[in-house]
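The chain contents come next:
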Amino acid sequence: MAGPTTAERDARQPRSESGRPGGERSGGPRVPLRRLIVVLAGVVVLLGLVLWLLYGSSWLRLTRVQVSGGRVLTSEQVAGAARVPLGSPLASLDTGAVETRVERALPRVDSVAVSRSWPHTAEVKVTERVPVLVMKKGADFTEVDAKGVRFDTVRNAPQGVPLLELTPDPKAASPRFPAARLLREAAAVRAALPAQVARDTRSLQVRSYDSVSLRLADGRTVMWGSSEEGAAKARALTALLKGAPKAGHFDVSAPSAPASSVS
């Protein structure tokens, strides 16, 4: 007697919802629910451990402040201004707040960068302002940086820094050119001076934004004018000093037509 045909055998086999014989299911392997729960629990535990290490344990606490970059300011002065919360978690250190406190408390600081150094240190790196001019203030001197910012008062003028004489002409006074603007003009002129002239300059007199003059160590004077065309004026002055070594006064306020005179 003939056995069942292939079609008959297939008809007898249990079929899955997809219609495939043998109860086979389509799709790739599935992760058991229990294993998924275990993996998620492990992630939560690990995250909790990391958070505890960063914020709850004593292993990563702030215990030290390291200061660098100071020339005049001491490490104690900078650290005192920073007011770093020692004993708190290093991860919670607000570096921006520390930088703001240092800049507000110490005008001599031009910029400051605060960073974390694991596991226990806050690093505070300061860049101090450098005086390029000084102004007489009673028996003391006020230092002015390259941006025209007055930042500190000292008993003795720094060696080699010219004296700034700010004597605005009332007739030339203008709301557009207040004292702060004149300071910036003077600082820009100082930055444009040829190296040798800068070393020989003893004072800058500023009467208005376009009337800046220099007095050199040997008594010679230079009418510089405004801070505009600084490079051209520097070249013109260098040429005049070489071409007229016995002249006592130089005028480079119009660098295309410089002039010199004996007196």
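This text goes with the structure placed above it.
All figures in this text were calculated on a predicted structure; none of them were measured in a lab.

Draft legend 1. How the structure looks around the environment of Gly69. Its place among the elements puts Gly69 in the loop between strand 1 (64-68) and helix 3 (75-82). What makes Gly69 partly exposed here is its relative accessible area of 40%. Taking the C-alpha atoms as reference points, Gly69 and Val109, separated by 40 residues in sequence, lie 10.0 Å from one another.

Draft legend 2. View of the side chain of Arg220. Relative to the helices and strands, Arg220 resides in the loop between strand 9 (211-216) and strand 10 (221-225). For Arg220, the side chain forms a polar contact with the side chain of Asp218, separated by 2.8 Å. In terms of polar contacts, Arg220 uses its side chain to reach the backbone carbonyl oxygen of Pro245, at 3.5 Å. Those residues in contact with Arg220 that sit more than four places away from it in its chain are Leu214, Arg215, Leu241, Pro245, Ala247, Gly248 and Phe250.

Draft legend 3. Geometry of the nonpolar core. Of all hydrophobic cores here, the largest spans 26 residues; its most connected members are Leu164, Leu214, Val222 and Trp224. Residue assignment for this core shows that the elements contributing at least two residues are strand 4 (133-137), helix 5 (179-192), helix 6 (195-200), strand 8 (201-208), strand 9, strand 10 and helix 7 (230-243). Filtering out sequence-adjacent residues up to four positions away, Trp224 remains in contact with Val189, Ala192, Leu193, Val212, Ser213, Leu214, Gly230, Lys233, Ala234, Leu237, Val252 and Ser253. Counting 18 residues, the second-largest nonpolar core is a separate cluster that includes Val84, Val109, Val112 and Ala122.

Draft legend 4. Spotlight on the sheet that holds strand 3 (residues 121-128). Reading across from one edge, 1-3-2 is the order of the 3 strands in this open sheet, with mixed pairing throughout. The open sheet has two free edges, formed respectively by strand 1 and strand 2 (109-117), since each of these has just one partner strand. Sheet twist, expressed as the average angle between the axes of neighbouring strands with direction ignored, equals 20°. Where strand 2 meets strand 3, 8 bridges bridge the pair, whose relative direction is antiparallel. Within strand 3, the position partnered with Val112 by the bridge is Val126. Sitting on the sheet, helix 3 touches strand 1 and strand 3, and the angle it makes with strand 1 is about 125°. Running over the sheet, helix 4 (residues 95-105) touches strand 2 and strand 3 and is turned about 150° from strand 2.

Draft legend 5. Expanded view of the pairing of strand 10. With respect to burial, strand 10 is a largely interior element, 4 of its 5 residues being buried. One ladder, built from 4 bridges, connects strand 9 with strand 10; its direction is antiparallel. In the sheet register, Leu214 faces strand 10, and the bridge partner there is Val222. Here strand 9 folds back onto strand 10, and the loop between the two strands holds 4 residues, one of which, Gly219, carries a positive phi near 95°.

Draft legend 6. Here's a closer look at the packing of helix 3 against helix 4. Put simply, helix 3 and helix 4 touch, their axes get as near as 8 Å, and they point 120° apart. Of the possible angle classes, the one that applies to helix 3 and helix 4 is oblique. In this structure, helix 3 crosses over helix 4, and the sense of that crossing is right-handed. In contact with Val78, Ala81 and Ala82 of helix 3, helix 4 contributes Val98, Arg101, Val102 and Ala105.

Draft legend 7. Structural context of a nonpolar patch on the surface. On the surface, a nonpolar cluster with roughly 410 Å² of combined accessible area is contributed by Leu33, Leu36, Ile37 and Leu40. With respect to the helices and strands, the residue Leu36 is situated in helix 2 (residues 33-56). Note on Leu36: relative accessible area 43%, which makes it partly exposed.

Draft legend 8. Seen up close, the environment of Glu143. Within the secondary structure, Glu143 is located in strand 5 (residues 140-144). Along the chain, Glu143 and Arg129 lie 14 residues apart, while their C-alpha atoms are 9.3 Å from each other. If near-sequence neighbours (up to four positions away) are discounted, Glu143 is found in contact with Arg108, Pro131, Leu133, Val134, Val149, Arg150, Phe151, Asp152, Val154 and Pro158.

Draft legend 9. Helix 3, seen in detail. Taken together, the buried positions of helix 3 are occupied by Val78, Ala81 and Ala82. Axial view of helix 3: buried residues confined to an arc of 105°, hence all on one face. Structurally, helix 3 contributes buried residues whose contacts are with strand 1, helix 4 and strand 3. One or two positions beyond helix 3, positive phi appears at Arg83, with a value near 50°.

The rules behind each value
Here the residue numbers are simple positions, counted from 1 along each chain's written sequence. Local features in this predicted model are restricted to residues of pLDDT 70 or higher, and side-chain atom pairs are both shown and tallied only at a pLDDT of 80 or more, whereas totals for entire chains, interfaces and linings draw on every residue. Remark: hydrogens and water are excluded; side-chain values derive from all non-hydrogen atoms of the structure. A helix here means a DSSP run of H or I that spans at least four residues, while a strand means a run of E at least two residues long, and both kinds are numbered starting from the N terminus. Only protein chains enter the accessibility calculation, which uses a 1.4 Å probe; a residue is then buried when its area is under 20% of its type maximum, exposed when over 50%, and partly exposed in between. Residues adjacent in sequence count toward polar contacts only when both atoms are side-chain atoms; beyond that, a polar contact is any pair of N or O atoms within 3.5 Å, and within protein one must be able to donate a hydrogen and the other to accept it. Pairs of residues are marked as contacts when any of their non-hydrogen atoms sit within 4.5 Å. Put simply, buried Ala, Val, Leu, Ile, Met, Phe, Trp, Tyr and Cys residues joined by side-chain atoms within 4.5 Å make one nonpolar core. For two strands to count as paired, DSSP must find a minimum of two bridges between them. Axis definition: a line fitted to C-alpha atoms, limited for helices to the stretch in contact. Angles are taken between N-to-C directions and run from 0 to 180 degrees. By definition in this entry, angles of less than 35 degrees are roughly parallel, angles greater than 145 are roughly antiparallel, angles of 65 to 115 are roughly perpendicular, and the rest are oblique. Take the far helix as your reference; a near helix turned counterclockwise from it by less than a right angle gives a left-handed crossing, and one turned clockwise gives a right-handed crossing. Here a patch means residues that are over 30% exposed by relative accessible area and free of salt bridges, tied together within 9 Å if like-charged and within 5 Å if nonpolar (Val, Leu, Ile, Met, Phe, Trp, Tyr). Surface accessibility in these figures is a Shrake-Rupley result with a 1.4 Å probe; residues are shielded only by whichever protein chains are displayed. Salt bridges, as used here, are contacts in which a Lys or Arg side-chain nitrogen is within 4 Å of a carboxyl oxygen on Asp or Glu. This arc is built from the directions going out from the helix axis to the C-beta atoms.

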